[in-house]
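Next come the chains, spelled out residue by residue.
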Amino acid sequence: MDYNNIENWILSRLPSYQIQGKKAYNPGLNNVIKFIKHINLSIDCLNMIHVGGTNGKGSTSSYISSILQESKYRVGIFTSPHFYDFRERIKINNKKINKTFIVDFVKDNTSIIEKFKLSFFELSFCLSLAYFIENRVDYAIIEVGLGGRLDATNIINPLISVITNISYDHSDILGNTLDMIAIEKAGIFKKNSQIIIGERNNIIDKIFIEKAKEVMSPIAFVPKPKNQKRYSNVDYLNNNIRTAIYTCKALNLKNINNESISAGISNIIKNTDLFGRWTTVGNRPKVIFDAAHNIEGFRSISNQLQKTKFVKIHIILAFIKGKNIKEFINELPPDANLYFTSLNMDRGMSYNEIKKKLRGKIIYNENPKNLLETVKANASENDLILITGSNFLAKKIFK
């Protein structure tokens, strides 16, 4: 099979949580442990950084990668989900995984993949480990998929375990209290691994401190800056950048200095193609895409909108099933023009579900791309169009 057939097999045959939801979630580490043992994949040679938390995992991982690249290291990064291309999930110094490697890996291991019934995420993760080992990366940054304790990535023994922050998301799996969620996230803490917490929270800090004691590893909370230094015009990215800086400094590498840190922050797009974090995708009118999909994400959007100039705001929204979208929308400006669309997937929220959750008139167009064109045609050049609610909207609209 050629690459396109292999990619289709990975994307369609193997269940994906992003597409199917909870029924595709495969908690536990046994499958991955058995698989990498069967293919003789020794991961102890990798210097890894494990990044968990509720929001900001991807951007924190990207900034860590960018700073390490500017410090002259060869950096592998495994993140999820992807926006356009499956290969976005696995990169070395911002170069996507080689298609030939994917084809050969799947061909060589098809029978064992089927025997162990690897989930989409499990296969993607194992593929990344094999790729990083073969290409001898200096550091591998591994983003947790969902939760932590039972996430497939939790087989690793990293140099540093990072928790960006804790808020409500995936409550049907992780629990409906911050304590329960924090316990699951803290499951990535390992013995002889530094632990770094990006944001303090009086409710759950004690959980992290006690878990660190249990595994006998040092824990540090990223301090709030005394001068509130801003690295980005996007407010919510600043906490993630500070966490990335703190993490890189904790490695105690001679190549990491103020110059490489500054370059890593400035060159984030060049070094990582970071996307979906208040990303401008059009002008006159300005069009911004943000992949916010939970309450904290929408609160961050609300804060950012208060510092953004526009005459009128038009917000295009699409969601996966089961989200408390009324709560999300209450965070948006009351005078915003709201438009709803479809993700055209089984897990996408339907028009009927939207109507049940919201009162009043619903402006809806099933085709996201057509909806954007209609909104742009009716907007002035000084208006703002915001597209948010799901990362899946990017591919539906822009590609």
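Residues numbered from 1 in each chain as written. Predicted model: local features only at pLDDT ≥ 70, side-chain atom pairs only at ≥ 80, totals over all residues. Heavy atoms only, no water.

Let us now look at the overall build of the protein chain. When helices and strands are counted, the protein chain shows 17 helices and 14 strands. Taking 21 Å as the expected radius of gyration for a compact globule of 399 residues, we find that the protein chain reaches 21 Å, a close match to that expectation. In terms of principal-axis extent, the alpha carbons of the protein chain reach across some 55 × 55 × 40 Å. Counting all 399 residues of the protein chain, 58% fall into the buried class. Partitioning the intrachain contacts of the protein chain with sequence separation of at least 6 by distance along the chain shows that 75% fall at a separation of at least 24. For the protein chain, the accessible area works out to roughly 18,500 Å², and carbon and sulfur atoms hold 45% of it. Where the 55 positive side-chain charges of the protein chain centre and where its 36 negative ones centre are 1 Å apart. (Helix = DSSP H or I, 4+ residues; strand = E, 2+ residues; numbered from the N terminus. Rg over C-alpha atoms; globule rule 2.2 N^0.38 Å. Buried < 20%, exposed > 50% of the residue type's maximum accessible area, 1.4 Å probe, protein only. Contact = heavy atoms within 4.5 Å. Areas by Shrake-Rupley, 256 points an atom, 1.4 Å probe, with all protein chains shown as cover. Lys, Arg positive; Asp, Glu negative; His and termini not counted. Charge placed at Lys NZ, Arg CZ, Asp CG, Glu CD.)

Turning our attention to the pattern of salt bridges. Evaluated as defined, the whole model comprises eleven salt bridges. Among the salt bridges present, the one from R87 reaches D85, with a minimum N-O distance of 3.6 Å. An identical accessibility class is assigned to R87 and D85; each is buried. The partner of R230 in a salt bridge is D235, with the nearest N and O atoms 2.4 Å apart. Judged by relative accessible area, which is 19%, D235 ranks as buried. Each of D85, R87 and K96 takes part in one network of salt bridges that share partners. (Salt bridge = Lys/Arg side-chain N within 4 Å of Asp/Glu carboxyl O.)

Moving on: the environment of K57. In this structure, K57 sits in helix α4 (residues 57-70). Between the C-alpha atoms of K57 and N240, which are 183 residues apart in sequence, the distance is 8.1 Å. Sequence-distant contacts of K57, defined by excluding residues within four places in its chain, comprise V51, G52, E143, V144 and T164. Within the local environment of K57, its side chain forms a polar contact with the backbone oxygen of T54, the two atoms lying 3.4 Å apart. (Polar contact = N/O pair within 3.5 Å; in protein donor to acceptor, adjacent residues only side chain to side chain.)

The next thing to look at is the sheet that holds strand β10 (residues 286-289). The strand order β9-β10-β14-β11-β12-β13 describes an open sheet built from six strands, whose pairing is mixed. Looking along the sheet, the strands with just one partner apiece sit at the ends: β9 (279-282) and β13 (364-365). In terms of strand pairing, strand β12 (residues 337-341) meets β13 through two bridges, oriented parallel. Counted as the bridge partner of F340 is Y364 from β13. (Pairing = 2+ DSSP bridges.)

Among the secondary structure elements, I102 is positioned in helix α5 (residues 99-115). Relative accessible area serves as the criterion here: at 0%, I102 is assigned to the buried category. Note: C-alpha distance between I102 and N4 (98 residues apart in sequence) is 10 Å. Residue contacts for I102: discarding those within four places in its chain leaves Y3, I6, I10, F86, R87, I97 and L127.

With that out of the way, let us pick up the sheet that holds strand β7 (residues 194-197). In spatial order, the strands read β4-β3-β2-β5-β1-β6-β7-β8; together these eight strands make up an open sheet with mixed pairing. What marks the edges here is a single partner per strand, and that holds for β4 (95-96) and β8 (219-221). Sheet analysis places strand β2 (residues 75-78) next to strand β5 (residues 139-143), joined by four bridges and oriented parallel. Along β5, the bridge assignment pairs V75 with Y139. Against the sheet, helix α6 (residues 120-134) contacts β1 (48-52), β2, β3 (90-92), β4 and β5, and its axis sits at roughly 15° relative to β3. (Axes fitted to C-alpha atoms, helices over the stretch in contact; angles between N-to-C directions.)

Before going further, it helps to examine the packing of α4 against helix α10 (residues 235-250). Running from amino to carboxyl end, α4 crosses α10 at an angle of 45°, the nearest separation of the two axes being 8 Å. Considered as vectors, α4 and α10 are oriented oblique to each other. Seen from above, α4 lies across α10 with right-handed handedness. Taking contact as the criterion, the partners of S59, T60, Y63, I64, I67 and L68 in α4 are, on α10, L237, N240, I241, T243, A244, I245, T247 and C248. Looking at the contact of α4 with α10 residue by residue, the class counts come to nine nonpolar, five polar and no charged. (Parallel < 35°, antiparallel > 145°, perpendicular 65-115°, else oblique. Left-handed = near helix turned anticlockwise from the far one by under 90°. Nonpolar A, V, L, I, M, F, W, Y, C, P; charged D, E, K, R; others polar.)

This part takes up the packing of aromatic side chains. For any pair of aromatic rings, the description rests on two quantities: the centre-to-centre distance and the angle between the ring planes. In this structure the tally under the stated criterion is 17 aromatic pairs. Summarising the aromatic geometry, the rings of F35 and F105 are spaced 6.2 Å apart at their centres and angled 65° between planes, so their arrangement reads as edge-to-face. With F35 in helix α3 (residues 30-38) and F105 in helix α5, this residue pair connects regions lying 70 residues apart in the sequence. Taken individually, F35 and F105 each receive the classification buried, so the pair is uniform in this respect. Both rings, one in F83 and one in F275, keep their centres 5.0 Å apart while their planes meet at 85°; by these two values the pair is edge-to-face. (Phe/Tyr/Trp six-rings, centres within 6.5 Å; stacked < 30°, edge-to-face > 60°.)

With three bridges connecting them, β9 and β10 associate as antiparallel partners. Each bridged residue has a counterpart across the sheet, and for T279 the counterpart in β10 is F289.

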